[in-house]
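Structure at a glance
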Amino acid sequence: MKVLVIGSGGREHAIVDTLSQNSKVSQIYAAPGNGGIASQARLVPISAEDNWELLDFARQEKMDLTFVGPEVPLSLGIVNVFRQGGLKIIGPNAANAQLESSKTYAKRFLKANGIPTAAFWECATAQEAYRSLEDARLPIVVKADGLASGKGVVVAETLEQARAAVHDFMEARTMGAAGARLVIEEFMTGEEASFLVFADGTTFRPMAISQDHKRRFDGDQGPNTGGMGAYSIDTILTPAQFDAVLSSIIRPALAAAKDYTGILYAGLMLTPDGPKVVEFNVRFGDPETQVILPRLKTDLLEVLMDMADHRLASRHVEWSSEVTATVVLVASGYPGKFESGKRIEGLDEAGRLEGVRIFHAGTREQDGKIYTSGGRILNVTARGKTLSQALDRAYAAAEMIRFDGKDYRRDIGRKGLAKER
């Protein structure tokens, strides 16, 4: 079989790595891919956002299956385009992709279907937003309505911070068109969790539970990023919380979203009143994928083909009891200004450590050497019998990798370790 994976990050590398373990896969293509993916797939120099060129390529190469990694092509309707062209593709259609591409759409969807979430205010102008803040209880959450690569959220502790976020998003347009509208939400307390499912339009199968670390610095300080690390262990949710998520969030969401096929990601807050939705994503999370897929015992290609053919109900999806953790190595200055083109060394040595896999995110290959080419550079992922073992292995490997300006959080999995102890 020939498979096309669209995207260029650590998430896509983890997907390619997992698919490559199936002997039925004769060739994997990645558009556009990255320096690490190049060792396991043939890179295709087509933008992930060029739907029609991707369709032409998939037709020309007679692709058996296409998997969409990032959210932007989904929001641009790539699934509609491929399906109309008669090709198999994994992902929701453009209408359902609005659950991620518009915070306003998602909040209205949640409210209309009685799915628990934070109280919110929609703001079409800066004046509306400033007025909404006048009577708000602090802290308050300010969100850009559109896609902002995980960086369009500000948790404001003071009114001045909230007003500054409104100014940046709506008047200075720091997030471009994504900030043309805002959603202002009440602040929810509790731990966060990532709950993902495979869905085929009629049924679904839950994935292993994970927890992301979105803030840039230790102690959950600093700006929101695309994700600085994650871990996956079954004890993130209690059995009662797991059942509550299925009954009050996943089932009603999929019932209301007509023919939802692909990955549904519910970002949760485990509040004292029960799990509530922070956000929906319509694709695999990044870096959650890097800790979820290493725990998947069932063959990923078989699951994806079942989804494409709407026969997931007959598939039992198994997960390993092992624990996984990933540490994201970033360029100094991320998520602000940073330099690229730094040579990366120590990858082979780090990758030989027991239980360690290294997924490339912002890298490029040149003359057999790997260089940085983004803000989030590498995902250093490890498996273990316990969370502490997985984290020890991931951090040991992270120390062995060298590039100018390397930085990372030192407290990934802290909340999980407290439970483990």
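A brief report on the enclosed structure follows. (Residues numbered from 1 in each chain as written. Predicted model: local features only at pLDDT ≥ 70, side-chain atom pairs only at ≥ 80, totals over all residues. Heavy atoms only, no water.)

A closer look at the sheet that holds strand β17 (residues 274-281)
Overall, antiparallel pairing links the 4 strands, which are arranged β11-β10-β16-β17 in an open sheet. Each of the sheet's edge strands pairs with one partner strand only, and the pair in question is β11 (204-206) and β17. Averaged over all pairs of adjacent strands, the angle between their axes in this sheet comes to 30°, without regard to strand direction. Looking at chain direction, strand β16 (residues 261-271) and β17 are connected through 7 bridges and run antiparallel. If you follow T271 over to β17, its bridge partner there is G274. Sitting on the sheet, helix α9 (residues 239-256) is in contact with β10 (191-200), β11, β16 and β17, with an inclination near 40° to β17. (Pairing = 2+ DSSP bridges. Helix = DSSP H or I, 4+ residues; strand = E, 2+ residues; numbered from the N terminus. Axes fitted to C-alpha atoms, helices over the stretch in contact; angles between N-to-C directions. Contact = heavy atoms within 4.5 Å.)

As for the packing of aromatic side chains
In this structure the tally under the stated criterion is 6 aromatic pairs. Here the aromatic rings of Y395 and Y408 are separated by 6.0 Å at their centres, their planes lie at 40°, and the arrangement is tilted. Of this pair, Y395 sits in helix α13 (residues 387-400) while Y408 sits in the loop between β24 (406-407) and α14 (414-420), and the two are 13 residues apart along the sequence. Side by side, Y395 and Y408 carry an identical accessibility label, which is buried. (Phe/Tyr/Trp six-rings, centres within 6.5 Å; stacked < 30°, edge-to-face > 60°. Buried < 20%, exposed > 50% of the residue type's maximum accessible area, 1.4 Å probe, protein only.)

Side note on unusual backbone geometry
Residue P32 follows A31 across a cis peptide bond; omega there is -5°. Summarising the element assignment, P32 is placed in strand β2 (residues 27-32). That bond from D286 to P287 is cis: its omega, 25°, falls within 30 degrees of zero. Positionally, P287 belongs in the loop between β17 and α10 (288-292). The phi angle at R173 is positive, at roughly 55°, despite the residue not being glycine. A residue is classified by how much of its surface remains accessible, and R173, at 41% relative accessible area, is partly exposed. Despite not being glycine, D220 shows a phi value in the positive range, around 55°.

Nothing here speaks to function; it is all geometry.
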